[in-house]
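A look at the structure
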Amino acid sequence: MRIHVNESPPNFDGSMVALDIEMFGQKEGRLHLPEGTLASLQLCADAGDVWVFTEMDTIREAMESIQRACWIGHNIQYDLFHLRRFFPDLVTEHPIEDTMLLEKWLYNGYYDGFALKDLVRRYFGVHLDKEIRDEFETATEMTKEQIRYAADDAYWTFRTFFEQVRAGAEEDRDLTGYHEIDIPSVWSVLDIQPIKVNKESWITMVDGFDARAKELEAALGFNVKSVPQVKAAVLKATGIVLENTQKDTLEAMSGEIFEQILEVRKYRDAVSKYGYNWIEEHVDADGFVRSNWIVTGAETGRMASRDPNLENIPSKVLPEYREQFIQSKGCFTIVDISAQEPRILAHETQDKELLNVFKNKEDIHLIVARAAYKDDTIQKDDPRRKSAKSISLGTTYGLTSVGLSKKLNCSEDQAQEFLDNYFQKFPDIRLWIDSQRRKAQRDGYVTTASGRRCWISPYKFGRENNAINAPCQGGAADFTKLWVILFRAECKFAGIPSALANIIHDELVLDHPVEMQEIYHNLLESSLQAAAAKLYPDVPFVAEYSCGETWADKK
DNA sequence: CAAGGCCGCGCC
DNA sequence: CGGCGCGGCCTTG
């Protein structure tokens, strides 16, 4: 391999070019923030030469030289994010490939390492040394070794991509979903705007939680976060020997001590997980939060969010938190898909009754409640409707009577009866569950609506449940990704920004000027229906829309 | 003493 | 009963 440093780039028109950057001055956990300076750009379009550029003007020249090429990266989202900071005019939507996303498309659930190092080991049996990477944190100029290291990454990214394509073809794998869902999603997540929080109000709120936790904790006299201490205290106070100290377990008990423990824990967790530290770490000087979005975060194909995770901000337990997320452009539009997973279950199972529930625009949880309890008089406000939610949800998780009985705090026999009644009403669900389990056993994988393959490890505990859950959860992820892709395209066509500020699995949050509310509503709805028509043509999809000043302003 | 396993829990 | 990310406790070497 020849390394060309700061030479004039060749003609890359029409090529497949592996692209990789190195950055100076970045810190762990903050790689996704607009921090650090560009150290170098490496390009590789054949296995013989790598072109390394270390000066801003030669990097610009190199970026210009690849405008009519397809870019290949390993986690190219990272490279594009930083290159766009310095050369916004040269990093607009462009043909790309990604060896990490492709590897996940091919083998998610089969392997568990998806770093370039892992791929190079798998495909070529070569060990890549990554220790030199740490030097970039404090360096300001590249040494010979660093240039060599940087060149290696582009070289191996290039070779890996073609090896993956070869392997995929050999196994007769369909890459349509990778190209139509995961790859365009890179542009979707690059497009997610920072979201504003009310820092002062957040701190005041946490002050209150902290004071409450301290007061209650002092009265209890032991550490509620310590399993041994909680078990000992409960034993002493009630004589009960606890198997675990989980929320569900304690909630099922009656007695003052259980309520007190849960109360302290709630506020303790609030302060430690979403408290002063969260503000300090994640709220930038401008009052905005910038999360790291991961296109394929879960084995099912779901996205993930970290540093901070914006998908698990309390909403039910302490609704005050979502009030601290505030509009910065006028108002939020919050849209979520109603009963997303049950709709996908209807598509997967093709159960006539279940399909009819949605075709007739009926309330799924109410219908399930009436079936499970064999009582047609149940109405919307009946508590049994809420229990039925656990049955609907549980189906997609592979629930058993044991799990359901714990959730509903009833006997196993009773839970079994509810399930029997449920499957009697929706017989094809049970058939589908059996067929998924057999398929996972026979083929080693199940698939989602986009053709995404979820490998089910035969050695993993609970694999039968994964076989059922993966198509539902993964199919829901496919849907949301496609929805956002189509929505972005419609916004682009309309000449307006996509305004996307957060994605929470089946919910989108948009931050936009008040007068744009109607147009965004219309574009969200038309892209939603287009995504549904493509992936789930036989099930009607319905979304609920809200507008307001904060994320808590949801119907 | 740091590292890592485990538990517990927030969201969907 | 499925999927994540993350903080704290507690054991390990």
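Residues numbered from 1 in each chain as written. Chains lettered and ligands numbered in written order. Predicted model: local features only at pLDDT ≥ 70, side-chain atom pairs only at ≥ 80, totals over all residues. Heavy atoms only, no water.

When a protein is soluble and globular, its nonpolar side chains tend to lie buried together. Grouped together as the largest cluster of nonpolar side chains are 150 residues, with contacts concentrated most on Leu41, Leu43, Met63, Trp202, Tyr321 and Phe479. Residues within four places of Tyr321 in sequence aside, it is in contact with Trp202, Met205, Val206, Phe209, Ala270, Val271, Tyr274, Ile313 and Pro314. (Core = buried A, V, L, I, M, F, W, Y, C linked by side-chain atoms within 4.5 Å. Buried < 20%, exposed > 50% of the residue type's maximum accessible area, 1.4 Å probe, protein only. Contact = heavy atoms within 4.5 Å.)

A word on the domain arrangement of chain A. The assigned domain composition of chain A is domain 1 (2–173), domain 2 (195–289), domain 3 (292–348 + 450–555) and domain 4 (352–425). Each of domain 3 and domain 4 was reduced to a C-alpha centroid, and the two centroids are 25 Å apart. Counting residues at the interface gives 14 residues for domain 3, matched by 10 residues for domain 4. Ranking the residues of domain 3 by area buried against domain 4 places Pro342, Leu345 and Ala346 at the top, with a combined share of 36%. Inspection of the domain 3/domain 4 interface yields 0 salt bridges. The interface formed by domain 3 and domain 4 holds 1 residue pair in polar contact (both at pLDDT 80 or more) in total. Where the side of domain 3 that touches domain 4 is concerned, the elements lending two or more residues are helix H13 (340–349) and helix H20 (463–494). Considering every element that reaches the side of domain 3 that touches domain 4, the biggest residue donor is H13, with 6 residues. (Domains from an automatic or database assignment. Buried area = accessible area lost by both parts, 1.4 Å probe. Salt bridge = Lys/Arg side-chain N within 4 Å of Asp/Glu carboxyl O. Polar contact = N/O pair within 3.5 Å; in protein donor to acceptor, adjacent residues only side chain to side chain. Helix = DSSP H or I, 4+ residues; strand = E, 2+ residues; numbered from the N terminus.)

Another point: the pattern of salt bridges. Opposite charge on two side chains permits pairing when their charged atoms draw close. Within the structure shown, the criterion is met by 34 salt bridges. Here Arg122 ties to Glu103 by a salt bridge, and the two come within 2.9 Å at their closest N and O atoms. You can see Arg122 sitting in helix H4 (residues 116–124) and its partner Glu103 sitting in helix H3 (residues 99–107), a full 19 residues away along the chain. A salt bridge links Glu170 to Arg166, with the shortest nitrogen-to-oxygen separation between them at 2.8 Å. With a gap of 4 residues between them, Glu170 and Arg166 both fall in helix H5 (residues 144–170), about one helical turn apart. Looking at Glu170, the relative accessible area reads 62%, which means it is exposed. Among the residues examined, Arg166 registers a relative accessible area of 40% and is labelled partly exposed.

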